[in-house]
Amino acid sequence: MKAHDGMYIDGAWRPADGRDTIEVVNPADEQVIGQVPAGTALDVDSAVRAARAALPGWAATPPAERAARLAALRDVLVARKDEIAETVTAELGSPLKFSQAVHAGAPIAVAGSYAELAATHSFEEKVGNSVVHHEPVGVVGAITPWNYPLHQIVAKVAPALAAGCTVVLKPAEDTPLTAQLFAEAVHEAGVPAGVFNLVTGLGPVAGQALAEHPGVDLVSFTGSTAVGRRIGATAGAAVKKVALELGGKSANVILPSADLAKAVNVGVANVMSNSGQTCSAWTRMLVHRDQYDEAVGLVAEAAAKYGDRIGPVVNAKQRERVRGYIEKGVTEGARLVAGGPEAPREQGYFVSPTVFADVREDMTIAQEEIFGPVLSLLRYEDEDDALRIANGTVYGLAGAVWAGDEAEAVAFARRMDTGQVDINGGRFNPLAPFGGYKQSGVGRELGAHGLAEYLQTKSLQF
């Protein structure tokens, strides 16, 4: 798609306040493919004012009509699915098949789920002698990441619109073309002017202005834990609601009764998916000591298949960050069994699929989020030891458990300090809540629980 040179505010593309721009680079070949405006605090202020002006009308719109607009948005996304996939591939570097299936497919499913929820959700309930109303929280400032650019936008904007909120979106600066395409889809779907607004720009400028703006009632942010802390502090000073989906260091626990080969193959695929740029990736594989050597061989064999199947990481800074972690793993004594820090190609921001064995739980690569195609294998003595290791980071976003008996896996999963656990390779569910424990965030996305984040409660006593 051709990049817009303005902001989408109050139902139209408008000139940006300043002249600064952000270049969009294809990470596969390092070529500039477009540029978008670098928004200022004045751009953010204009967008928030438009959202506030549109709020009373949209909040008063019957849920059935809000549902109809979301259904229309889903239909537009379906019609433009190929364009979405091509745009994500161009600015993120994701292989086209993965972009078609995941980067385009998942947000279409989520948009459809909120069209249904908006039509069927009960926004009022009777509790004793009270009537409890669930009302829109107000204007939402949505700040989204680059790793799943459209999915993260839809996961915030769709429930906000379903709830009756209005939105100002500040997308990641690496993937703004996907956000502009989404704005076009919103417009085509007939969402009223001002209900959705888009300001492209840098996080420390446009993102900070959005988080600080007194006209924003809720800040919904997905990204690093470090930035999430700053946004939480900013919002806290204004007693403003936040929803934070942050980092992860998820454990993939393979119990002795599991099908080891299947668990390993699915686990490696999970980590290599999206070039490892997934906050919920199972980047720590925990294997019983008696099966550990066999698992190492299976993992190395599986990882070798991904050498030419994964795309690049998003930019040069991210590539150097991931390579730095790989070098740190070697320095701290982990055994490299696949990949390494050397660049696999001369052009593009590629990182070799990398696997470490003999990883201790106190190593940097076992504690910090790398956000690249890097897997750490850790051995455990028994189930209690596995649980201790699995729960032994500051994160708690996702995880997996494998066992020959499903009940055994479920019993272990219930003891994990994490927001989502896949049992024996359980499939993604767009209706199930997603979010973390500990420093992985506050609040939930997707389904009815995601809708609840954008509602506030009022009780009427009779």
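Residues numbered from 1 in each chain as written. Predicted model: local features only at pLDDT ≥ 70, side-chain atom pairs only at ≥ 80, totals over all residues. Heavy atoms only, no water.

### Looking at the overall build of the protein
When its secondary structure is counted, the protein shows 15 helices and 22 strands. For 462 residues, the compact-globule formula gives about 23 Å, and the C-alpha radius of gyration of the protein, at 22 Å, lands near that figure. The dimensions of the protein, computed from C-alpha atoms along their principal axes, are 65 × 60 × 40 Å. Classification of the 462 residues of the protein by burial places 57% in the buried group. Excluding contacts between residues fewer than 6 apart, the proportion of contacts in the protein whose partners are at least 24 apart in sequence is 73%. Taken as a whole, the protein presents about 18100 Å² of accessible surface, with 51% of it coming from carbon and sulfur. Placing the 40 positive and 54 negative side-chain charges of the protein at their respective mean positions leaves the two points 3 Å apart. (Helix = DSSP H or I, 4+ residues; strand = E, 2+ residues; numbered from the N terminus. Rg over C-alpha atoms; globule rule 2.2 N^0.38 Å. Buried < 20%, exposed > 50% of the residue type's maximum accessible area, 1.4 Å probe, protein only. Contact = heavy atoms within 4.5 Å. Areas by Shrake-Rupley, 256 points an atom, 1.4 Å probe, with all protein chains shown as cover. Lys, Arg positive; Asp, Glu negative; His and termini not counted. Charge placed at Lys NZ, Arg CZ, Asp CG, Glu CD.)

### Considering the environment of Ala64
Inspection of the secondary structure assignment puts Ala64 in helix H2 (residues 63-79). Remark: the alpha-carbon pair of Ala64 and Ala162, spanning 98 residues in sequence, is separated by 9.4 Å.

### Description of the environment of Ser376
Looking at the element boundaries, Ser376 is found in strand S16 (residues 374-380). Given the relative accessible area of 1%, Ser376 is considered buried. Ser376 sits 168 residues away from Gln208 along the chain, and the two C-alpha atoms are 35 Å apart.

### Some words on the nonpolar core
Leu70, Leu77, Phe182 and Phe196 are the most contacted members of the largest nonpolar core, which totals 61 residues. With 10 residues, the top contributor of residues to this core is helix H5 (residues 149-163). Dropping the residues within four chain positions of it, Phe182 is found in contact with Leu73, Leu77, Leu150, Ile153, Val154, Val157 and Phe196. Formed by 30 residues, the second largest nonpolar core is a distinct cluster that contains Ala334, Val359, Met363 and Ala390. (Core = buried A, V, L, I, M, F, W, Y, C linked by side-chain atoms within 4.5 Å.)

### Describing the sheet that holds strand S15 (residues 354-357)
The strand order across the open sheet built from seven strands is S14-S15-S16-S13-S12-S18-S19, with neighbouring strands paired in mixed fashion. Of all strands in the sheet, those with a lone pairing partner are strand S14 (335-338) and strand S19 (422-423), marking the two edges. Note: strand S12 (residues 251-254) against strand S13 (residues 284-288), four bridges, orientation parallel. Looking at S13, one finds that Ala251 is bridged to Arg284. The sheet strands contacting helix H10 (residues 292-304) are S13, S14, S15 and S16, and the helix crosses S16 at an angle near 170°. Contacts from helix H11 (residues 316-331) reach S14, S15 and S16 within the one sheet, and its direction differs from that of S15 by about 25°. (Pairing = 2+ DSSP bridges. Axes fitted to C-alpha atoms, helices over the stretch in contact; angles between N-to-C directions.)

### Details of the UniProt feature "active site" (unreviewed entry) in the protein
UniProt records the feature "active site" (unreviewed entry) at Glu245, using the numbering of this structure. Of note, Glu245 is situated in strand S11 (residues 241-245). What makes Glu245 buried here is its relative accessible area of 4%. The residues contacting Glu245, other than those within four sequence positions of it, are Gln152, Phe221, Thr222, Gly223, Cys279, Leu397, Phe434, Ser440 and Glu445. (UniProt positions renumbered as here; feature names shortened; annotations may be inferred.)

### Some details on the UniProt feature "domain: Aldehyde dehydrogenase" (unreviewed entry) in the protein
Under the present numbering, the feature "domain: Aldehyde dehydrogenase" (unreviewed entry) in UniProt falls on residues 13-459. Overall, residues 13-459 shows 43% helix and 20% strand. The separation of its end C-alpha atoms is 40 Å.

### Some thoughts on the sheet that holds strand S22 (residues 455-461)
The strand order S5-S6-S22 describes an open sheet built from three strands, whose pairing is antiparallel. Bordering the open sheet on either side are strand S5 (124-127) and S22, each of which pairs with just one other strand. Neighbouring strand axes in the sheet, compared pairwise and without regard to direction, differ in orientation by 25° on average. Across seven bridges, the pairing between strand S6 (residues 130-136) and S22 is antiparallel. Looking across to S22, one finds that Val132 is bridged to Ser459.

### Points about H11
The terminal C-alpha atoms of H11, which comprises 16 residues, lie 22 Å apart, in line with the 22 Å expected from a rise of 1.5 Å per residue. Every buried residue belonging to H11 is among Gln318, Arg319, Val322, Tyr325, Ile326 and Gly329, and all of these are buried. For H11, the arc enclosing every buried residue in end-on projection is 125°, short of the 170-degree limit, so these residues lie on one face. Across from the buried face of H11, at angles greater than 90 degrees, the exposed residues are Lys317 and Thr331. (Expected span 1.5 Å × (residues − 1). Arc of directions from axis to C-beta.)

### Points about the side chain of Ser113
Along the chain, Ser113 turns up in helix H4 (residues 96-120). Ser113 gets classed as buried once you look at its relative accessible area, which sits at 7%. Those residues in contact with Ser113 that lie beyond four places of it in its chain are Pro430 and Leu431.

### So, unusual backbone geometry
For Val239, which is not glycine, the phi dihedral falls at a positive 50°. Assignment of secondary structure puts Val239 in the loop between helix H8 (225-237) and S11. Residue Val239 is classed as exposed on the basis of its relative accessible area of 77%. Phi at Asn274 is positive, roughly 55°, even though this residue is not glycine. When you line up the elements, Asn274 lands in the loop between helix H9 (260-272) and S13.

### Side note on the environment of Val359
Structurally, the position occupied by Val359 is in the loop between S15 and helix H12 (364-367). Through-space distance from the C-alpha of Val359 to that of Gln100 is 35 Å; in sequence the pair is 259 residues apart. Setting aside its immediate chain neighbours within four residues, Val359 contacts Tyr292, Ala334, Ile365, Ala366, Ser376, Leu377 and Leu378.

### Focus on the packing of aromatic side chains
What characterises a pair of aromatic rings is the spacing of the ring centres plus the angle enclosed by the ring planes. Within this structure, the stated rule accounts for four aromatic pairs. Between Trp146 and Phe371, the aromatic rings sit 5.6 Å apart at their centres with planes inclined by 80°, giving edge-to-face as the arrangement. Of the two residues, Trp146 sits in the loop between strand S7 (139-143) and H5 while Phe371 sits in the loop between H12 and S16, which places them 225 residues apart along the sequence. Residue Trp146 shares its accessibility class with Phe371, and that shared class is buried. Taken together, the ring pairs connect Tyr8, Trp13, Phe182 and Phe196 into an aromatic cluster. Just above the ring of Tyr306 sits the side chain of Arg309; from NZ or CZ to the centre is 4.5 Å. The ring centre of Phe350 lies 3.9 Å from the NZ or CZ of Arg345, which sits over that ring. (Phe/Tyr/Trp six-rings, centres within 6.5 Å; stacked < 30°, edge-to-face > 60°. Lys NZ or Arg CZ within 6 Å of the ring centre and 35° of its normal.)

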